[in-house]
Amino acid sequence: MSSSPPRTRPSHVSLRLAAVLAAAALVLTGCAGGAGTAGAASAAGAAAARTPDRAATAGPAAPAPDPVDWQACGTGFDCATVEVPVEYGSPRGERIELAVTRHRATDPDRRIGSLFVNPGGPGVSATEMVERIDVAHGTGPFSAEVVARFDVVGVDPRGVGDSEAVRCLTDEQRAAQAAEDRDPTIPGGKRFGRLLTDARTFTHGCLDHQSRTFLASLSTDNVARDLDQVRAALGEEQITFYGASYGTVVGPVYATLFPERVRQMVIDGPVDTDLWQNDPLRLLDDVEVSNERTLDAWFETCRAEGTAVCSFGDGDPEAAFDALVRQLEKRPLQVQPVDGLTPGGPLDGAAALEGVRAAAGNQALWPLLTAGLIGAEQGNGTLLHAMVSSVTVAPFGGPFATLQEPHTAVRCADWPEVDRLSDHHRAARTIAERHDRLGGRAAYSALSCALWPVDNRDRFTDVLDGAGAPPVLVVGGRLDNVSPHHWAEAMAERLDDAVLLTREGVGHTSYGTSGPCVDDAVDAVLIDGILPEDGTVCDVPPATTKPLAAPAGAGA
């Protein structure tokens, strides 16, 4: 273990999409706006419920870590690094440093313990999530009571953020791929031969920048073991855990390996862990269908609200949308840079589809989506381009996903072999036959894993049931553009002891964005270990497509 020097709080690139609402409101209206993105019995006695085989999967014991040597890195914040083995099968071998940030409990006399958080991706920085806590302004990803009662701890997973982030492309290669012309009518956006060349460039580049051993070690079971090393370094007997999106894989793995060390757990926007472990191409197909359903929901709402509210398409938004995409493919708009919103550049049909996919999946951004589509029709592509440039962990890959390298590396380490190109062709045909507007990006999105240059020979395949851990709260959105609701149902069924809470409305993950029904339920679990009734449903205010009004004189 070694301490890190004090760090300044970085810009939160991975969470930038949520900030587009405020930045765009400033551009459109001249007004600043903002959007916000518990005592249970100990589970120690449940450890005996684990089978001997399950306990053995945790691997050889790593040396006990030294206590964390914290360094102040902001008001209320501490930073450090914790050394862990690269391979837990060789626990005294090569080691790597994990970046750790905590926000200290603001009411230390009532402190419960440490709340470990993982915001997902894979590829999103957990330390950055913690650094969003702003007590002075009462903002951040967690409620004031949670921040009062817990040290909130973010550990950047190995290969992510400040924990030796995976690198597979040079800056020049990344820029060149982002600038390439893509055809939205072709699966994957380019001819298959070009996609295959890109995948070879990517995977060879991964080996140029990292060792085979390191790439093979990036699996989620190792991430869970890393969390347990940090827990030990903190001197905690148990942790409380909140995970979102891919963090809902991390949580169940931890609860399966170390059930007696879980105090309470909430998973939000869950992944179907059976598909994650066993059928990733079907998993990606489910995500594509969910993307399309959220765009369909925007169309339906625009039409239902009428032209007085949503004038795009004059009552037929689908036809207007298709016409706009075709027009942008013929004559892309040149977007000028706008500080804090978009770096500028061409907006063609393929890029517009990517921006629309991002905005349609978050009903808080629907007014911007409407304004962006109307603006693009009138020759102003600023808002749509802003949405494109804010997509940082796209489920279907680059060039717009700026965290794509760690994202892909973790997936390929976790997933079973998908090296038969015929399987990728079949999956692409399935998408193409649906004629979905957003399907092009999804096709061949796992091609790099087909060529992945290392094998994870001890891939963790146990059912992620968390047997022996306390009851888990599973929060699923009714219309989630990344995690369809049936994944939440499957997660609640697969876990040994879980309760399902459903949030109505459109959006990926629910805590902190959906109102007091969800927030109070999550807080009650984290703080007091009190779960809602299984099957509880939380309503949210109805979504609107009513666009933000541009100021007089705003032009193209």
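So, here is what we can say about the structure in this document.

Rules used in this analysis
Residues numbered from 1 in each chain as written. Predicted model: local features only at pLDDT ≥ 70, side-chain atom pairs only at ≥ 80, totals over all residues. Heavy atoms only, no water. Salt bridge = Lys/Arg side-chain N within 4 Å of Asp/Glu carboxyl O. Helix = DSSP H or I, 4+ residues; strand = E, 2+ residues; numbered from the N terminus. Buried < 20%, exposed > 50% of the residue type's maximum accessible area, 1.4 Å probe, protein only. Pairing = 2+ DSSP bridges. Contact = heavy atoms within 4.5 Å. Axes fitted to C-alpha atoms, helices over the stretch in contact; angles between N-to-C directions. 1 Å grid on protein atoms, 1.4 Å probe; cavity = no way out; pocket = protein on both sides within 12 Å on 5 of 7 lines; lining within 4 Å. Points joined across faces, edges and corners; volume = space filled by probe spheres on them. Nonpolar A, V, L, I, M, F, W, Y, C, P; charged D, E, K, R; others polar. Core = buried A, V, L, I, M, F, W, Y, C linked by side-chain atoms within 4.5 Å.

Two side chains bearing opposite charge may form a pair once their charged atoms approach each other closely. The tally for this structure, following the rule as stated, stands at 32 salt bridges. Here Glu145 and Arg110 are joined by a salt bridge, their closest N and O atoms 3.1 Å apart. Of this pair, Glu145 sits in helix α4 (residues 144-149) while Arg110 sits in the loop between β3 (95-103) and β4 (113-118), placing them 35 residues apart in sequence. Exposure remark for Arg110: the relative accessible area of 35% places this residue in the partly exposed category. The salt bridge involving Arg441 is made with Glu354; its shortest N-O contact spans 3.4 Å. Taken together, the positions of Arg441 in helix α18 (residues 439-442) and Glu354 in helix α13 (residues 349-360) put the pair 87 residues apart, joining distant regions of the chain. Several salt bridges converge on common partners, so that one network encompasses Asp78, Arg102, Arg104, Arg111, Asp151 and Glu236.

Attention now goes to the sheet that holds strand β5 (residues 150-155). Spatially, ten strands are ordered β1-β2-β3-β5-β4-β6-β7-β10-β11-β12 in an open sheet, and the strand pairing comes out mixed. Each having just a single partner strand, β1 (71-72) and β12 (536-538) make up the two edges of the open sheet. Contacts from helix α21 (residues 516-528) reach β4, β5, β6 (239-244), β7 (262-268), β10 (472-479), β11 (498-506) and β12, with the element oriented near 160 degrees to β7.

What follows deals with empty space enclosed by the protein. If you add up the space inside the second largest cavity, you get close to 140 Å³. Forming the boundary of the second largest cavity are 13 residues, of which Ala350, Leu353, Glu354, Gly440 and Arg441 lie nearest the centre. Here the lining of the second largest cavity gets four residues from one element, more than from any other, and that element is α13. Residue composition of the lining of the second largest cavity, grouped by class: four nonpolar, three polar and six charged.

Turning our attention to the nonpolar core. Residues Phe116, Val155, Leu283, Trp452 and Val474 are the most contacted members of the largest nonpolar core, which totals 73 residues. No other element matches the six residues that helix α9 (residues 247-257) contributes to this core. When near neighbours in sequence (up to four residues on either side) are disregarded, Leu283 contacts Val271, Asp272, Leu275, Trp276, Trp415 and Trp487. Membership of the second largest hydrophobic core comes to 37 residues, among which are Cys302, Phe321, Leu341 and Ile374.

Interpretation note: all reported values are geometric properties and have no functional meaning in isolation.
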